[in-house]
Amino acid sequence: MKYLRALAALLLLPLILTLQLGSALLRLHVSRAKLARAAGDRGALSIEMALIVVVVVAIAGAVVTVVMKLGQTAKSDMPTTLPTVTIT
């Protein structure tokens, strides 16, 4: 159990760090958007939102591509013939 926890910690650490960095960047962009809205600058908000949408769509496309590749790999690894059982 101790080794399993250590292995899980090693595998989840990059994911946790990525999520923490992403949440910090999101908080930064939200605060900048609030400041821009308070100052009356609406153009910068639209450009930032467009860039955020482009990045999110690119990430989603990469995830879909990886899942499709994993599915194709799993499909090719599956046997095509079923074993037959004979009762004697």
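In the block above lies the structure referred to throughout.
This text gives an overview of the structure that appears in the document. Residue positions are given per chain, counting from 1 as you read along its sequence in written order. This being a predicted model, a pLDDT of at least 70 is required before a residue's local features are given, and a value of 80 or more before pairs of side-chain atoms are given or counted; all residues contribute to the totals for chains, interfaces and linings. To obtain the side-chain values, all non-hydrogen atoms of the structure were used and water was disregarded.

**A closer look at the overall build of the protein**
Thought 1: We count a stretch as a helix when DSSP gives it H or I for four or more residues in a row; a strand needs E for two or more, and each element gets its number in order from the N terminus. Counting its secondary structure elements, the protein contains two helices and zero strands.
Thought 2: All radius of gyration figures rest on C-alpha atoms, and the globule criterion is 2.2 Å times the number of residues raised to 0.38. A globule of 88 residues ought to have a C-alpha radius of gyration of about 12 Å, yet the protein, at 23 Å, is considerably larger.
Thought 3: In terms of principal-axis extent, the alpha carbons of the protein reach across some 85 × 35 × 15 Å.
Thought 4: Within the protein, buried positions represent 5% of all 88 residues. Each residue gets one of three labels from its accessible area relative to the maximum for its type: buried under 20%, exposed over 50%, partly exposed in between, using a 1.4 Å probe on protein chains only.

**Points about helix H1 (residues 2-39)**
Thought 1: Take the number of residues in a helix, subtract one, and multiply by 1.5 Å to get its expected span. In this model H1 runs 54 Å from its N-terminal to its C-terminal C-alpha over 38 residues, within 8% of the 56 Å that 1.5 Å per residue would give.
Thought 2: The reported bend at a residue is simply the angle between two axes, fitted to the 7 residues ending at it and to the 7 residues beginning with it. Its axis deflected by about 40° at Leu12, H1 carries its strongest bend there, up to four residues before the proline Pro14.
Thought 3: Positive phi appears at Gly40, one or two residues downstream of H1, with a value of about 85°.

**Re a nonpolar patch on the surface**
Thought 1: Note that patches include only residues with greater than 30% relative accessible area and no salt bridge, and the join distances are 9 Å for like charges and 5 Å for nonpolar side chains (Val, Leu, Ile, Met, Phe, Trp, Tyr). Only the protein chains shown count as cover for residues, with accessible areas throughout obtained via the Shrake-Rupley method and a probe of 1.4 Å. Should a side-chain nitrogen of Lys or Arg be within 4 Å of a carboxyl oxygen of Asp or Glu, the pair is scored as a salt bridge. Side chains of Leu4, Leu7, Leu11, Leu12, Leu15, Ile16 and Leu19 sit close together on the surface and give an oily, nonpolar patch of about 700 Å² of accessible area.
Thought 2: Among the structural elements, Leu15 can be located in helix H1.
Thought 3: For Leu15, a relative accessible area of 47% gives the class partly exposed.

**Observations concerning the layout of surface pockets**
Thought 1: Cavity and pocket criteria rest on a 1 Å grid covering protein atoms alone: a 1.4 Å probe that fits but cannot get out defines a cavity, protein on both sides within 12 Å along at least 5 of 7 lines defines an open pocket, and an atom within 4 Å of a point defines a lining residue. Grid points are joined across faces, edges and corners, and a volume is the space filled by probe spheres set on the points. In this structure, the largest pocket occupies an estimated 300 Å³ of space.
Thought 2: What lines the largest pocket is Gly22, Leu25, Leu26, His29, Glu48, Leu51, Ile52, Val55, Val56 and Ile59.
Thought 3: Where the lining of the largest pocket is concerned, the elements lending two or more residues are H1 and helix H2 (43-77).
Thought 4: The leading source of residues in the lining of the largest pocket is H2, at six residues.

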